[in-house]
Amino acid sequence: MQRGITLGAMIVGAVVGASAMAVYRDVPPAQLGRDAARELSRAAESAGEMFSADRAFAHYPAVDLADVAERSMASVVNISTTKVSKMSEEDSPLFSDPFFRRFFESPQGRGVPRERRSQSLGSGVIVSEDGIILTSNHVVEQSDEIKVTLSNGHEYDAEIAGSDPQSDLAVVRLKGKVGDLEPLSFGDSTKLRLAETVLAIGNPFGVGQTVTMGIISATGRANLGITDYEDFIQTDAAINPGNSGGALINVRGELIGINTAIVSRTGGNQGIGFAIPSDMARSIMTSLLETGKVDRGWLGVAIQPLDRDISEALGIDQGQGVLIADVTEGGPAEEAGLQRGDVVLSVDGRAVRSTGELRNLIAAKGAGGEVEIEVLREKERQSFTVELAPQPKGMGRHGMREDTEEEDENGRGKRSQDGESRRGAPSYDNVLKGLTVEDLDAQTRARYSVPKKIKEGALVTDIDRSSVAGRAGVRPGDVIVEADRKPVSSAEDFDAIARKIDKDASVLLLVARQDGTAFVLLKP
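Since the structure is predicted, the reported quantities are computational estimates derived from the model, not experimental observations. (Residues numbered from 1 in each chain as written. Predicted model: local features only at pLDDT ≥ 70, side-chain atom pairs only at ≥ 80, totals over all residues. Heavy atoms only, no water.)

## Side note on the overall build of the chain
A count of helices and strands for the chain gives 14 helices and 27 strands. Among the 524 residues that make up the chain, the fraction classed as buried is 49%. Relative to all contacts within the chain whose residues are 6 or more apart in sequence, the contacts with residues 24 or more apart total 64%. With the model as given, the accessible surface of the chain reaches about 26,200 Å², and the carbon-plus-sulfur share is 45%. (Helix = DSSP H or I, 4+ residues; strand = E, 2+ residues; numbered from the N terminus. Buried < 20%, exposed > 50% of the residue type's maximum accessible area, 1.4 Å probe, protein only. Contact = heavy atoms within 4.5 Å. Areas by Shrake-Rupley, 256 points an atom, 1.4 Å probe, with all protein chains shown as cover.)

Have a look at this one:
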């Protein structure tokens, strides 16, 4: 069964103890039980330490989660939205049906329905006394009416004060005069530890405010395909529809996350839920309220993860960084001296292990900010200071500008489906067997809709899908700009390199296409 990622609220479910009072990891010895305290003492003594369970836990106060939940409930609200869709007579399925149409057209009929109203439920978190609420963008986007209901039953009209679809966050403001509100204070999400106890509060399925408990399963989750900028807290939360935008809090009652999504095979909770960290949410909220937008930094590179095969081909350790697949001409990275093929190891001293992590670090720094980037180039470490620019319009998800298709006197052509090539198919006796290339000229550009940004290379015009290259994802319309770490400016260049490749050797290609540039490893 296919796994899906469902936007819906997230709240947590895990058992932390058998007693009625659930506690954080800071537990006084009396609540541990004699057997547990005795085992702790034995374990410490066996390590050669003088240990006292009483002394070890005396400075850690007990935490009553019932008190924490009770204090926090008033800060979490229910959000109800209504979206009104205009309908023409042609759009109405009732009007197009001859049986129903005659009733609408009769003297007693009221005419074809002109609008459709759809409603949805979600949650939100009060973060200021003047009525500012944080929630998920997908809870309120494209809504025409927003109603916010407090835990005491008071209802307010509200409006969107700012939204950021790229992170799935929105800021909602209560209209009119608001009464005494109880905002949640922000916690430091950068200091979260695995297995910390957390509570989640929301309104699942519209049944009313609900509190659930669990732990932090992971931090820094990215590359999930939920949003463009991902740095999720993962929890074993029982997340269900209606909890989106709700609060994930620590045992001190501080807001550490905004619940947003789950991974599920069925659409129901399976113990893998995600929340946007509070530090990220607070930064985005501040930017939206102050400027009306999120001012993210832009490096001007296309990036890709380093898997085992590509790491091996480049001669570096797997998981050591993020590969720069291309550099935008005139962008901040190029001006600072970064090059295609560099492996980004760290940003401002913080190790980078995934594309999502690099993207978030650069975005959070903001336009005009300076970052120190350490890269691995030809197995040598080098550092570059880069001044980030504002993100340009029309930029792709991975930080590259997406140009329009090339247009010339022949007009814009479509990618050929028959794989016809003027050069014919060379017979390579290696991993490049089954690959046919052609020079990149005005005619082939039009035929395969090659973007302007691709200046030169060998255009793939035909490929055997069962070949090594075909199975690796190379397809007609791709432009090979490097082969075996050597530049390719024409079909002749590629042919010369290809004929020197040993039969059992792997080849690293750099391929440019509509949606960016990527390294592709062909293994025999």
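Picking up after the structure, the text goes on.
## Focus on the pattern of salt bridges
Here the structure, examined in full by the defined rule, presents 16 salt bridges. A salt bridge links D157 to K147, with the nearest nitrogen and oxygen atoms 2.5 Å apart. With D157 in strand β6 (residues 155-164) and K147 in strand β5 (residues 145-149), the pair connects residues that are 10 residues apart, well separated along the chain. A relative accessible area of 37% places D157 in the partly exposed class. Between R377 and D342 there is a salt bridge, and its shortest N-O distance comes to 2.8 Å. Remark: D342 occurs in the loop between α10 (332-336) and β17 (343-347) and R377 occurs in strand β19 (residues 370-377); sequence separation between them is 35 residues. Here R377 falls in the buried class, since its relative accessible area comes to 15%. One salt-bridge network, in which partners are shared between bridges, spans D326, R340 and E482. (Salt bridge = Lys/Arg side-chain N within 4 Å of Asp/Glu carboxyl O.)

## Notes on the confidence of the model for the chain
When pLDDT is averaged across the chain, the result is 77; 73% of the residues are at 70 or more. Every residue in residues 5-60 scores below 50 in pLDDT, and together they form 111 contacts with partners more than four places removed in sequence or on other chains. Note on residues 396-424: pLDDT is under 50 here. Beyond four places in sequence and across chains, it has 85 contacts. (pLDDT = per-residue confidence, 0-100.)

## Section: the packing of aromatic side chains
Going through the model one piece at a time under the given rule, you end up with 2 aromatic pairs. Ring centres 5.7 Å apart and planes at 45° place the aromatic pair F232 and F274 in the tilted group. With F232 in strand β10 (residues 232-235) and F274 in strand β13 (residues 273-277), this residue pair connects regions lying 42 residues apart in the sequence. The class for F232 is buried, based on a relative accessible area of 2%. The class of F274 is buried, set by a relative accessible area of 2%. Both rings, one in Y428 and one in F494, keep their centres 6.2 Å apart while their planes meet at 80°; by these two values the pair is edge-to-face. (Phe/Tyr/Trp six-rings, centres within 6.5 Å; stacked < 30°, edge-to-face > 60°.)

## Description of helix α8 (residues 278-291)
Side chains that are three or four residues apart share a direction in an α-helix, a result of its 3.6 residues per turn. End to end, α8 covers 20 Å across 14 residues, agreeing with the expected 20 Å (1.5 Å per residue, within 8%). Of the residues making up α8, those classed as buried are S278, M280, A281, I284, M285, S287 and L288. One or two positions beyond α8, positive phi appears at G292, with a value near 80°. (Expected span 1.5 Å × (residues − 1).)

## Things to note about a negative patch on the surface
A cluster of acidic residues, E329, E334, E335, E370, E372 and E387, forms a negative patch at the surface. Within the secondary structure layout, E372 lies in strand β19. Take E372: its relative accessible area is 36%, and that puts it in the partly exposed class. (Patch = residues over 30% accessible without salt bridge, like charges linked within 9 Å, V, L, I, M, F, W, Y side chains within 5 Å. Lys, Arg positive; Asp, Glu negative; His and termini not counted. Charge placed at Lys NZ, Arg CZ, Asp CG, Glu CD.)

## Examining the side chain of E196
As for its position among the elements, E196 is in the loop between β7 (169-174) and β8 (197-202). On the accessibility criterion, E196 (6% relative accessible area) is buried. A distance of 3.0 Å separates the side chain of E196 from the backbone nitrogen of R193, its partner in a polar contact. (Polar contact = N/O pair within 3.5 Å; in protein donor to acceptor, adjacent residues only side chain to side chain.)

## With respect to the nonpolar core
Ranked by internal contacts, the top residues of the largest apolar core, which has 32 residues, are V127, L134 and L255. Mapped onto this core, the elements with two or more residues apiece are α4 (65-73), β4 (132-136), β7, β8, β11 (247-249), β12 (255-264), β13 and α8. The dominant element in this core, judged by the number of residues it contributes, is α8, at 5 residues. Among residues more than four places away in sequence, those in contact with V127 are I132, L134, P183, L184, F186, L255 and M285. Counting 24 residues, the second largest nonpolar core, distinct from the first, contains L435, A469, V474 and L509. (Core = buried A, V, L, I, M, F, W, Y, C linked by side-chain atoms within 4.5 Å.)

## Here we look at the pairing of β17
Within β17, 5 of the 5 residues are buried, which leaves it mostly tucked inside the rest of the structure. As defined by bridge partners, strand β16 (residues 322-327) adjoins β17 across 2 bridges and the pair is classed as antiparallel. Within β17, the residue paired with L323 across the bridge is V343. The pairing of β17 with β19 spans 4 bridges and is classified as antiparallel. By the bridge assignment for β19, V347 is matched with I373. Pairing geometry for β17 and strand β18 (residues 350-351), over 2 bridges, is antiparallel. Bridge pairing in β18 places S346 opposite A351. (Pairing = 2+ DSSP bridges.)

## Notes on the pairing of strand β27 (residues 516-522)
When you tally the buried positions in β27, you get 6 out of 7 residues, the bulk of the element. In terms of strand pairing, strand β26 (residues 507-513) meets β27 through 7 bridges, oriented antiparallel. From the neighbouring strand, A512 faces β27, where its bridge partner is T517. Once β26 ends, the chain turns through 2 residues before running back antiparallel as β27.

## Here we look at unusual backbone geometry
Here the phi dihedral of K379 falls at roughly 70°; this positive angle occurs in a residue that is not glycine. Positionally, K379 belongs in the loop between β19 and β20 (380-387). Judged by its relative accessible area of 63%, K379 falls in the exposed class. Positive phi, normally seen in glycine, also occurs at D484, with a value near 55°. Assignment of secondary structure puts D484 in the loop between β24 (479-483) and β25 (486-487).

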